[in-house]
Amino acid sequence: MLSQWLHDGTIQCREHAENWQQALHLSAEPLLKAEVITPGYVQAVITQHEKLGPYYVLAPGLAMPHTRPEDGAQGMGLSLLKLEQGVAFGSADFDPVTTIIMLAAPDSHSHINMISALAELFSCDEDLQKLHHANSVEDIKEILSHY
């Protein structure tokens, strides 16, 4: 299921990001290129982060930035950015973040299966650890192939 959304065109491996804002912009690039989201979507995530804090940092090293469909989601999609050096998102318990999975959905219900597959991955400590230590797109695709 996840390989339908996370593949060569939507997975990136980078050494680092200067800050959490740049990490969000980098993670959004594949979705912007595919016109799944608009630039306003990324800005909405940043604005919400500034208001609410890092609401999308879900576990140690893991962030899933997303915002409301009306903020610029034109379709359904995921992108994954893997950073060798983690970046601080302002989450006392879960920083630094090395794995960023951006989620976009055009409505409040069409992404339920996608979220279920991600939840399955996030609940498997072994595969989540493998994901945090993965250094290549191929390694990441192998981990994701089970979901």
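In what follows, the accompanying structure is described. These figures come from a predicted structure and were not determined experimentally. (Residues numbered from 1 in each chain as written. Predicted model: local features only at pLDDT ≥ 70, side-chain atom pairs only at ≥ 80, totals over all residues. Heavy atoms only, no water.)

**Points about the pattern of salt bridges**
Once the charged atoms of two side chains with opposite charge are near each other, the side chains can pair.
Alright, step 1. Evaluation of the coordinates by the stated rule reveals six salt bridges.
Alright, step 2. The salt bridge involving D8 is made with K141; its shortest N-O contact spans 2.8 Å. Taken together, the residues span a long stretch of sequence, with D8 in the segment before β1 (11–14) and K141 in helix α5 (residues 137–144) at a distance of 133 residues.
Alright, step 3. D8 sits in the exposed class, given a relative accessible area of 51%.
Alright, step 4. Across the salt bridge formed by E138 and K141, the nearest N and O atoms sit 3.2 Å from each other. Here the residue E138 and the residue K141 both occupy positions in helix α5, the gap between them amounting to three residues, near one helical turn. (Salt bridge = Lys/Arg side-chain N within 4 Å of Asp/Glu carboxyl O. Helix = DSSP H or I, 4+ residues; strand = E, 2+ residues; numbered from the N terminus. Buried < 20%, exposed > 50% of the residue type's maximum accessible area, 1.4 Å probe, protein only.)

**A short note on the nonpolar core**
Alright, step 1. Counting 25 residues, the largest nonpolar core has L24, I37, Y56, F89 and I100 as the members making the most contacts within it.
Alright, step 2. Where this core is concerned, the elements lending two or more residues are α1 (20–33), α2 (39–52), β4 (77–87) and β5 (97–104).
Alright, step 3. Among the elements that take part in this core, α1 stands out by supplying six residues, more than any other.
Alright, step 4. Those residues in contact with I100, other than ones at most four positions away along the chain, are A23, S27, A63, P65, S79, L80, L81, L83 and F89.
Alright, step 5. Residues A59, I101, F122 and I143 belong to the second largest nonpolar core, which totals 23 residues. (Core = buried A, V, L, I, M, F, W, Y, C linked by side-chain atoms within 4.5 Å. Contact = heavy atoms within 4.5 Å.)

That's the geometry; what it means functionally is another story.
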